[in-house]
Amino acid sequence: MTRTVVSSRAREVAIGPDLPFVMIGERINPTGRKLLAAEMREGDYHRVEADALAQVAAGAHMLDVNAGIPLADEPAILAEVIQLVQSVVDVPLAIDSSIVEALEAGLSVYKGKALVNSVTGEEERLERVLPLVAEHGAAVVAISNDESGISEDPDVRFEVAAKIVRRAADYGIPPEDVVVDPLVMPIGALRYAGVQVFQILGRLRDELGVNSTCGASNISFGLPNRHGINSAFLSMAIASGLTSAITNPLEKEIVHSIKAADVLSGNDRDCAAWIRTFRAPAAVSRGRRRTRRRRAGAGG
C-alpha cells in the first residue's frame, strides 16, 4: 500500500488507504474571512494561533496554511504564519498558495517535510513548482486540471493526474510523494460532481499508486445544511478510496463521519478510536453520577 509521509519538527503523519483517514484542518485561510484577512495583513496573528490550537484539539492530523490576501505581501506573511503555527502546534503543515514565491518562502522556514499545495498539469506550473518540491524534499498536492481547464470527464482528469505523476518522477519525486486532488466541484451546479470524484479515486489508488485529497466543502457550496452534504460526501469518498481531505475539524458531523468510515473500512483497529471518542466520556459521566449519589447518601 502507498504511504505518503509528511512531518513537522516532532511528528510524522502517514497517509495511506490502509491507514486512518487524515484530516487536514482548513481554517487558516483568509479567503472569505474578512476579519482574518485584515488582521493577517496587519501582522496580527492571534486568530491564526487560536485556529491552529482549536483544530488540533478537535483532532486535525495536519493543518493547511494559506495567506492569500489581495495586494498583500503573501510570501512574507505566509513565512511568518508558518513559523508561528509551528511554534504552537506540532502537526505537519500543508503550505498552500498559488504563488510560487510564497511556496518558496514557506518552504524556506518550514521545519520537517511539508506538503506543498499545489501543482497543476499546466506546463509553466509544473516547471516552476516541481523543482522546488524536489529541492526541499517535500510532498505535493497534484490538482487534476491543466491549460484546458477542469474537465467534466473523469477519464480526462485521471490522465492529467497521471501526467503530473510522470513529470514529478522526472524530478526524482516518487509517486508516494504525490497526493492527487481530483477536484471537487459544487454539486448544486454540477449534478454528477460527486460521482465524477468517486469514479476517479479508486483508479488513483489502484492504477497510479498515489494517495488523494480534496477540498471537501466545495461539494456543498451554495446549498443549505452544508454540514450534512459534506459529511455524507466524505463517507462516500472514503469508501471510494479518498485518503485525506482539507476540511473543518470543528464540525462534529464531519469528524463523526470520518471516524465511522475508518471503522467501516477496517482502518480503526478494534474500533479503538471510535470507542475512545464516544464511550469513554459516557463512562466518566456515569462514574461522576455514582460518586454524587454516594456523597448524597453519606450526607443523609
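This text goes with the structure placed above it.
Anyway, here's the lowdown on the structure attached to this text. (Residues numbered from 1 in each chain as written. Predicted model: local features only at pLDDT ≥ 70, side-chain atom pairs only at ≥ 80, totals over all residues. Heavy atoms only, no water.)

**Here's the deal with the sheet that holds strand β9 (residues 211–212)**
- Here we have 8 strands laid out as an open sheet, ordered β9-β8-β7-β6-β5-β4-β3-β10, and parallel in their pairing. Each edge of the open sheet is held by one strand with a lone partner, namely β9 and β10 (244–247).
- Taken together, the 4 bridges between strand β3 (residues 22–28) and β10 define a ladder with parallel strand orientation. Counted as the bridge partner of Ile-24 is Ile-246 from β10.
- Its contacts with the sheet place helix α2 (residues 46–57) against β3 and β4 (62–66), and it is angled at close to 160° to β3. (Pairing = 2+ DSSP bridges. Helix = DSSP H or I, 4+ residues; strand = E, 2+ residues; numbered from the N terminus. Contact = heavy atoms within 4.5 Å. Axes fitted to C-alpha atoms, helices over the stretch in contact; angles between N-to-C directions.)

**A word on the environment of Arg-205**
- As for its placement among the helices and strands, Arg-205 is situated in helix α7 (residues 193–208).
- In this structure the C-alpha to C-alpha distance between Arg-205 and Met-1, which are 204 residues apart in sequence, comes to 8.8 Å.
- Discounting chain neighbours no more than four positions away, the residues touching Arg-205 are Pro-17, Val-210, Ser-240 and Gly-241.
- Polar side-chain contacts of Arg-205 include one of 2.8 Å to the side chain of Asp-206. (Polar contact = N/O pair within 3.5 Å; in protein donor to acceptor, adjacent residues only side chain to side chain.)

**Comments concerning helix α3 (residues 74–88)**
- An ideal rise of 1.5 Å per residue puts 21 Å on 15 residues; α3 measures up with 21 Å between its terminal C-alpha atoms.
- Among the residues of α3, those classed as buried are Glu-74, Ile-77, Leu-78, Ala-79, Val-81, Ile-82, Leu-84, Val-85 and Gln-86.
- Where α3 is buried, its residues touch β3, α1 (34–41), α2, β4, β5 (93–96) and α4 (100–109). (Expected span 1.5 Å × (residues − 1). Buried < 20%, exposed > 50% of the residue type's maximum accessible area, 1.4 Å probe, protein only.)

**Examining unusual backbone geometry**
- The phi angle at Leu-71 is positive, at roughly 65°, despite the residue not being glycine.
- By the secondary structure assignment, Leu-71 is in the loop between β4 and α3.
- A positive phi angle, close to 75°, is found at Leu-183, a residue other than glycine.
- Here Leu-183 is to be found in the loop between β8 (178–181) and α7.

**Some remarks on the packing of α7 against helix α8 (residues 226–240)**
- Interaxial distance between α7 and α8 falls to 8 Å at its minimum, and their mutual angle equals 35°. Seen along the crossing, α7 lies across α8 with a hand that is right-handed. When α7 is examined against α8, the residues Val-197, Phe-198, Leu-201, Gly-202 and Arg-205 are found in contact with a partner set consisting of Phe-233, Met-236, Ala-237 and Ser-240.
- Among the residues forming the contact of α7 with α8, the class breakdown is 6 nonpolar, 2 polar and 1 charged. (Left-handed = near helix turned anticlockwise from the far one by under 90°. Nonpolar A, V, L, I, M, F, W, Y, C, P; charged D, E, K, R; others polar.)

**Let's talk about the side chain of Ser-244**
- Counting through the fold element by element, Ser-244 comes out in strand β10.
- You can call Ser-244 buried: its relative accessible area is 1%.
- Of the polar contacts made by the side chain of Ser-244, one reaches the backbone oxygen of Ser-212; its length is 2.9 Å.
- Apart from residues lying up to four places away in sequence, Ser-244 is in contact with Ile-15, Phe-21, Val-22, Ile-24, Val-179, Ser-212, Thr-213 and Cys-214.

**What about the pattern of salt bridges?**
- On inspection of all chains with the given rule, the structure shows 12 salt bridges.
- The partner of Asp-90 in a salt bridge is Arg-11, and the shortest N-O contact between them spans 2.8 Å. Placement of Asp-90 in the loop between α3 and β5 and of Arg-11 in the loop between β1 (4–7) and β2 (12–15) is noted, with a sequence separation of 79 residues between them.
- Between Asp-155 and Arg-203 there is a salt bridge, with the nearest N and O atoms lying 3.0 Å from each other. Here Asp-155, found in helix α6 (residues 154–170), pairs with Arg-203, found in helix α7; they are 48 residues apart in sequence, far enough to count as distant.
- Salt bridges linked by common partners bring Arg-27, Arg-33 and Asp-51 together as one network. (Salt bridge = Lys/Arg side-chain N within 4 Å of Asp/Glu carboxyl O.)

**Structural notes on the packing of aromatic side chains**
- All told, the structure shown has 2 aromatic pairs when counted by the stated rule.
- Taking the centre distance of 5.8 Å and the plane angle of 25° together, the rings of Phe-198 and Phe-233 count as stacked. Of the two residues, Phe-198 sits in helix α7 while Phe-233 sits in helix α8, which places them 35 residues apart along the sequence.
- Overall, Phe-198 belongs to the buried group, its relative accessible area being 19%. (Phe/Tyr/Trp six-rings, centres within 6.5 Å; stacked < 30°, edge-to-face > 60°.)

**Describing α8**
- An ideal rise of 1.5 Å per residue puts 21 Å on 15 residues; α8 measures up with 21 Å between its terminal C-alpha atoms.
- Those residues of α8 lying buried are Gly-228, Asn-230, Ser-231, Phe-233, Leu-234, Ala-237 and Ile-238.
- Where α8 is buried, its residues touch α7, β10 and α9 (252–264).
- Gly-241 lies just past α8 and shows a positive phi near 125°.

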